[in-house]
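Residues per chain, in single letters:
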Amino acid sequence: MKGMIETAIQVHTGVVAPTVFVSDLHMGAGGKADDFDEDNFECFWASIPEGWRIVILGDMLELWQFRLWDICLHRTGWLRKIVESHADVVFGNHDWALINVQALSSITCGVIYAEHGHQADIWNSRLKEAGSLATRLGGLLERLGWQVDEYRRTQAWMERVTGRGGNVDYIGSGAAQPALMHKQIYVFGHTHQPFLKQGYAGHVFANCGSWVKNPREQSAIVAREDRIELIRERIE
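As the structure is a computational prediction, the values presented were derived from the model and not from experiment. (Residues numbered from 1 in each chain as written. Predicted model: local features only at pLDDT ≥ 70, side-chain atom pairs only at ≥ 80, totals over all residues. Heavy atoms only, no water.)

Trainee: Looking at this structure, I do not really get the overall build of the chain. What am I missing?
Mentor: The number of helices and strands found in the chain is six helices and eleven strands. Within the chain, buried positions represent 52% of all 236 residues. Pairs at least 24 apart in sequence give 70% of the contacts found in the chain among residues at least 6 apart. With the model as given, the accessible surface of the chain reaches about 11200 Å², and the carbon-plus-sulfur share is 55%. (Helix = DSSP H or I, 4+ residues; strand = E, 2+ residues; numbered from the N terminus. Buried < 20%, exposed > 50% of the residue type's maximum accessible area, 1.4 Å probe, protein only. Contact = heavy atoms within 4.5 Å. Areas by Shrake-Rupley, 256 points an atom, 1.4 Å probe, with all protein chains shown as cover.)

This is the structure in structure tokens:
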């Protein structure tokens, strides 16, 4: 598979077939505000071996900045590939409307519990309207020619102004506590900050990262029968 194994943890995952988790593609309808790194994701997608299970773990589409119909028209080829691959699709906070087409809120693979991760993020619970407004503002600035790293910059700004926010430790620990009562491994996305680490009682926490153009660093989580891996693709 394309990419470098940055971290691997030996653990029984219980998966029947090797499973690759990706998240936060943020497919839009083209233009400056569309952050999907299509070329590099296409190379990665083509490198996934036949017979592997694919899980898209939320925010596949960017519905905070684009209309669903416009994305479908622009991304027809990708949507067809995803359907033909029999990928499991979990919805996130940016594509929650997919719940109307039988997208999942979470998924279980062996001893792995996976979800998008926004459920434990304050900006997508009680303050989700503020998060949506910030993303739309970022999209407007990009259309005007500004290079905005939306998630990191708006999150940092919110953190400074309010003293609250969805940092990776908060989301990872907050969302994982109930999930790991019955599962050993928790996989999520949402933060665009990939990592793989082992925590208390041998539990494993993994974040898929993202496939957006900025930062130029994409990643995925791969679960095999006897280990779980963080695959990172650095773009020069």
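Trainee: Where do I start with the side chain of E115 in this structure?
Mentor: Mapping E115 onto the fold places it in strand β6 (residues 112-115). At 2.9 Å, the side chain of E115 forms a polar contact with the side chain of Y186. (Polar contact = N/O pair within 3.5 Å; in protein donor to acceptor, adjacent residues only side chain to side chain.)

Trainee: What is the right way to look at the pairing of strand β9 (residues 204-207) in this model?
Mentor: Taking every second residue as pointing to the same face, both faces of β9 are buried, with V204 and A206 on one and F205 and N207 on the other. Relative to β9, strand β7 (residues 185-188) runs parallel, the two sharing four bridges. Bridge pairing in β9 places F188 opposite N207. Sheet topology places strand β8 (residues 195-198) next to β9; four bridges connect them, and they run antiparallel. Looking across to β9, one finds that K197 is bridged to F205. (Pairing = 2+ DSSP bridges.)

Trainee: Could you clarify how one ought to interpret the packing of aromatic side chains in this entry?
Mentor: Each aromatic ring pair is summarised here by two numbers: the centre-to-centre distance and the angle between the ring planes. All chains considered together, the criterion is met by eleven aromatic pairs. Look at F41 and W78: their rings are 5.2 Å apart centre to centre, the planes differ by 45°, and that puts the pair in the tilted class. Here F41, found in helix α1 (residues 38-46), pairs with W78, found in helix α3 (residues 76-84); they are 37 residues apart in sequence, far enough to count as distant. For the pair shown, F41 and W78 are each scored as buried. Taken together, a centroid distance of 4.9 Å and an interplanar angle of 35° make the contact between F44 and W211 tilted. Here the residue F44 occupies a position in helix α1, and W211 occupies one in the loop between β9 and β10 (217-224), the gap between them amounting to 167 residues. Neither F44 nor W211 differs from the other in exposure class; each is buried. Through a chain of ring-to-ring contacts, the aromatic side chains of F36, F41, F44, W45, W78 and W211 assemble into a single cluster. When the ring centre of W78 is taken as origin, the NZ or CZ atom of K81, which lies over that ring, is 4.4 Å away. (Phe/Tyr/Trp six-rings, centres within 6.5 Å; stacked < 30°, edge-to-face > 60°. Lys NZ or Arg CZ within 6 Å of the ring centre and 35° of its normal.)

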